[in-house]
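Coordinates in review
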Amino acid sequence: MGSRMDINHYNGTKKKKKKKKKKNPYLRIFLLIVLLLCLIGIGYGGYYLFLLNKVKTEKIDRNNVGIDSSLEERLKKDGKDHIINISLLGIDEPEGDEPTRSDATMVLTIDRDRNKIKIISLMRDSYVNIDGHGKDKLNHAHAFGGPELTMKTINKNFNLNVKDFASVNFADMQKIIDTLGGIELTIRKDEIEHANRYINELAKLGKKKATPLTKTGTQKVNGMQALAYTRIRYTSGGDFERTERQRIVLSKLFDRIKEAGISKYPDLVAELLPMIKTSMTPTDIVLLGKDIIFSGTTNLEQERFPVDGDFPDSGKMIKGVWYLPFDEKATQKKLHDYIFDDIKPTKTK
C-alpha cells in the first residue's frame, strides 16, 4: 500500500507549467457495460453469464462504508430507496510499490422512476475527511484503503448511500476505442501540444508507434489520441476542463457503441469485462441490466460536483499543497436534490 510518505509524494503544489511524469488514467468502462446491457437486452442468456465470470470481484464490508442510518430511513420513508448509486473509479496504477490513487471518482445513479442514468463526477482534489488519515484529497482515499475506504469517504463527506463499486484502469480504454474504429473529438489549438506529449508517453509505455495530432477542429481520433486528450490538465481550465474532457469521451463512446450495431456487442462485452474489478456479482450485474432494460432507461445525464460557486475559483494552498475546499452543506443538498429529486444543480451566487 505504501507509507504516508509515499502518499505525500503526490501532494505537490499546483503549478500550471510543471510537467509531471506520472500516469493519470481515467475510465468509466463499467458504465459502458451497463449501457451495453441495456442495448443487448437478455437475448444472449448463458453466453453472457459465462462472460460475466471474467469480471474480477473484490468483497467489501457493506456495514463499513459510512452510510448514515438516518439517510436510509428517510429514503425508505420517501419511497426513494430503490434509486441505485454505484461508485465508479478510474484507477491510476503506477509502477512499482507506489500507492494506487483513483484518478477519477464518480457516482453512477440509476433512476428507474424517471428512466435516467446519471454520471456524477466528484472533483479529485476535493478537500475531504478520510477516516484514519484526516483531511486530504478525495483521490487519495483509494491509496489509503482501496475501494472500501473510497466508498466510505464518499458516503461520509457527501452523505450518500453507495454500497457497490466498479473500477478500471483507463489505459485499457485504447483497445475499446480502436475496436470501435475511433471516435470524433473537437481539438483546440491550446490542446494539441499537451495531447501530443501524452501521446508520446503512452506510445513509449505501450511500446507502440506514436500517432500525434496534426490539426485542430473536429476529427476522428484513435484510442491513444483519445486517452491523451482525457489527460490534458494544463490548459486555462485546469482540472475542471480535464473532467469535462473525460465526460466528452464517455458520451462519444456511448454514441459510437449505439452506432456499432447489436452484432458487435458480444465482442465488445467480451473485451470490456476482464478490465473491470467490482464488488458486484455476475448475477447482480445481470439483474441491474435487466432492471434498466425493462424500465426503458435510455437518458444519460452528467454533472460535476461541487458546482461553481461552492468552492474557491482557484482552490487553496494548505501547508504548501493545493486542495479544493468546498461548501459541504451546499454540496450535499444539491447532490441529494439532483440524485433523489431530479433537480439540476445551479451555481451559488
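Everything numeric in this text was worked out from a predicted model, so none of it was measured.

1. Looking at unusual backbone geometry
The linkage connecting Phe 305 with the following residue, Pro 306, adopts the cis geometry, with an omega of -5 degrees. Note on placement: Pro 306 falls in the loop between β11 (299–305) and β12 (316–318). Here the phi dihedral of Asn 159 falls at roughly 50 degrees; this positive angle occurs in a residue that is not glycine. Summarising the element assignment, Asn 159 is placed in the loop between α5 (141–158) and β7 (164–168). A positive phi angle, close to 60 degrees, is found at Asp 342, a residue other than glycine. In this fold, Asp 342 is placed in the segment after α12 (328–341). According to the relative accessible area criterion, Asp 342 is partly exposed, its value standing at 22%.

2. Comments concerning the nonpolar core
Proteins that are soluble and globular tend to have nonpolar side chains buried together. The biggest cluster of nonpolar side chains holds 49 residues, and the ones touching the most others in it are Ile 183, Leu 185, Leu 253 and Leu 273. Tallying contributions element by element places helix α7 (residues 189–206) first for this core, with six residues. Ranked by size, the runner-up nonpolar core spans 32 residues in total, among them Ala 141, Leu 160, Phe 326 and Phe 340.

3. Let's talk about α7
Counting along an α-helix, one turn takes 3.6 residues, and residues three or four places apart therefore face a common direction. When the terminal C-alpha atoms of α7 are compared, their 26 Å separation across 18 residues agrees well with the 26 Å that a helix rising 1.5 Å per residue should span. Residues Glu 191, Ile 192, His 194, Ala 195, Asn 196, Arg 197, Tyr 198, Ile 199, Leu 202 and Ala 203 constitute the buried set of α7. Remark: Lys 207 follows α7 within two positions and exhibits a positive phi of approximately 55 degrees.

4. A look at the environment of Lys 135
When you line up the elements, Lys 135 lands in strand β6 (residues 134–137). A relative accessible area of 34% places Lys 135 in the partly exposed class. What Lys 135 contacts, discounting residues up to four positions off in sequence, is Tyr 127, Val 128, Asn 129 and Glu 328.

5. Description of the packing of α5 against α12
In the contact formed by α5 and α12, the axes pass within 9 Å of each other and the chain directions differ by 100 degrees. In terms of orientation, α5 lies roughly perpendicular with respect to α12. Taking contact as the criterion, the partners of Lys 156, Asn 157 and Phe 158 in α5 are, on α12, Glu 328, Thr 331, Gln 332, Leu 335 and His 336. Class assignment for the residues of the contact of α5 with α12 results in two nonpolar, four polar and two charged.

6. Some remarks on the side chain of Asn 161
By the secondary structure assignment, Asn 161 is in the loop between α5 and β7. Here Asn 161 is in contact with Ile 67, Leu 71, Leu 75, Ile 83, Asn 85, Asn 155 and Phe 340, once residues within four sequence places are set aside.

7. Digging into α12
Helix length check: α12 (14 residues) gives 19 Å between terminal C-alpha atoms against 20 Å at 1.5 Å per residue, within 8%. Residue Asp 327 occupies the N-cap position of α12, its side-chain oxygen lying 3.3 Å from the main-chain nitrogen of Lys 329. Positive backbone phi, at 60 degrees, marks Asp 342, one or two positions downstream of α12.

8. Quick word on the packing of aromatic side chains
The geometry of two aromatic rings is summed up by the distance between their centres and the angle between their planes. One pass over the full model with this rule turns up three aromatic pairs. Judged by centre distance (6.2 Å) and plane angle (40 degrees), the rings of Phe 305 and Tyr 338 are tilted. Note that Phe 305 is positioned in strand β11 and Tyr 338 in helix α12, a separation of 33 residues in sequence. Relative accessible area serves as the criterion here: at 1%, Phe 305 is assigned to the buried category.

9. Considerations on the pairing of strand β5 (residues 127–130)
Pairing analysis gives four bridges linking β5 to β6, with the strands arranged antiparallel. Note that in β6 the partner of Val 128 across the bridge is Asp 136. Counted along the chain from β5 to the antiparallel partner β6, the turn is three residues long, and its residue Gly 132 has a positive phi close to 85 degrees.

Each value, and the rule that gives it
Residues numbered from 1 in each chain as written. Predicted model: local features only at pLDDT ≥ 70, side-chain atom pairs only at ≥ 80, totals over all residues. Heavy atoms only, no water. Helix = DSSP H or I, 4+ residues; strand = E, 2+ residues; numbered from the N terminus. Buried < 20%, exposed > 50% of the residue type's maximum accessible area, 1.4 Å probe, protein only. Core = buried A, V, L, I, M, F, W, Y, C linked by side-chain atoms within 4.5 Å. Expected span 1.5 Å × (residues − 1). Contact = heavy atoms within 4.5 Å. Axes fitted to C-alpha atoms, helices over the stretch in contact; angles between N-to-C directions. Parallel < 35°, antiparallel > 145°, perpendicular 65-115°, else oblique. Nonpolar A, V, L, I, M, F, W, Y, C, P; charged D, E, K, R; others polar. Polar contact = N/O pair within 3.5 Å; in protein donor to acceptor, adjacent residues only side chain to side chain. Phe/Tyr/Trp six-rings, centres within 6.5 Å; stacked < 30°, edge-to-face > 60°. Pairing = 2+ DSSP bridges.

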